[in-house]
Structure formats: C-alpha cells, structure tokens
Amino acid sequence: MDRPLPIAERGRAERGPVARPAMTAALVVCIRSLAVAAWLLLTQPGRRLRLHAALRRLGATVAEHGGALDRSGALDRLLADHAVAARRLQATAPP
C-alpha cells in the first residue's frame, strides 16, 4: 500500500495562514467596496441637494430674465409651464 498523504503540504508551516493570495485579494476588494459604499452614502445626499438648489436658482434666473433671452421653442414651453405653476401656487395662497 501507498503511504498516507501528509496532513499539511510541505513547507506549510513556514508560509503561515496569511499567504493565501486569493483570500487576501478578496478581502481587499470587499473592504474597498464597503468603503466606496460608505463614501457614496455620505456624499451623495449633499450633492443632490446642492444640484437641486442650483437648478432652482437657474430656473428663477431664466424666468426673471426671460424676455432678454433668445427664445427657442423649448424655452417658451418651459417658461409657460413655470408661469402656470406660479399661477397655481398663487391661487392656493390664503386670502
């Protein structure tokens, strides 16, 4: 009969448990993806709020100076929608 296989491969004691490149790489990828997810959760709400505020300021400026701008069909439609929304808002104001 053949000899039984050794429990650990030759040289295993010298390498130690850390010398598993696939597991180490997977752990690095996992930690990096968790860090990116945390970064996105922390930064994106503020970014969206700043974008929303900037778009509102841009819309107000366009509505304020609408007569001085070169009017295209899309701009006329947007200004008309804004005027309708402003009238609807004024109609709901208390007397």
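Residues numbered from 1 in each chain as written. Predicted model: local features only at pLDDT ≥ 70, side-chain atom pairs only at ≥ 80, totals over all residues. Heavy atoms only, no water.

Q: For this particular structure, what's the right way to read the overall build of the protein?
A: In terms of regular secondary structure, the protein is built from three helices and zero strands. Its helices and strands in sequence order give the protein the pattern α-α-α, from N to C terminus. In the structure as shown, the protein presents an accessible area of about 8,900 Å², 66% of it carried by carbon and sulfur atoms. (Helix = DSSP H or I, 4+ residues; strand = E, 2+ residues; numbered from the N terminus. Areas by Shrake-Rupley, 256 points an atom, 1.4 Å probe, with all protein chains shown as cover.)

Q: I would appreciate a short explanation of helix 2 (residues 21–64) in the present structure.
A: One full turn of an α-helix is made of 3.6 residues, so residues set three or four places apart face in the same direction. The end-to-end C-alpha distance of helix 2, which contains 44 residues, comes to 62 Å, matching closely the 64 Å that a straight helix rising 1.5 Å per residue would cover. Thr43 marks where helix 2 bends most, by close to 30°; the proline Pro45 follows one to four residues later. (Expected span 1.5 Å × (residues − 1). Bend = angle between axes of the 7 residues up to and from the residue.)

Q: Just to check I follow, could you spell out a nonpolar patch on the surface for this structure?
A: Taken together, Val36, Trp39 and Leu40 make up a surface patch of nonpolar side chains, about 290 Å² in accessible area. Its place among the elements puts Trp39 in helix 2. (Patch = residues over 30% accessible without salt bridge, like charges linked within 9 Å, V, L, I, M, F, W, Y side chains within 5 Å. Salt bridge = Lys/Arg side-chain N within 4 Å of Asp/Glu carboxyl O.)

Q: What's the story with the pattern of salt bridges in this structure? I'm lost.
A: One side chain can pair with another of opposite charge once the charged atoms of both are near each other. Inspection of every chain in the model, using the stated rule, returns one salt bridge. With its nearest N and O atoms 4.0 Å apart, the salt bridge here joins Arg77 to Asp81. Pair noted here: Arg77 and Asp81 are both in helix 3 (residues 73–91), with a separation of four residues, about one helical turn.

Q: Got a minute to help me understand the confidence of the model for the protein in this structure?
A: Detailed reading of predicted coordinates is not advised where the pLDDT is low. In this model, the protein carries an average pLDDT of 80, and 74% of its residues clear a pLDDT of 70 or more. Within the protein, no element has a lower average pLDDT than helix 1 (residues 12–15), which sits at 58, and none a higher one than helix 2, at 90. (pLDDT = per-residue confidence, 0-100.)

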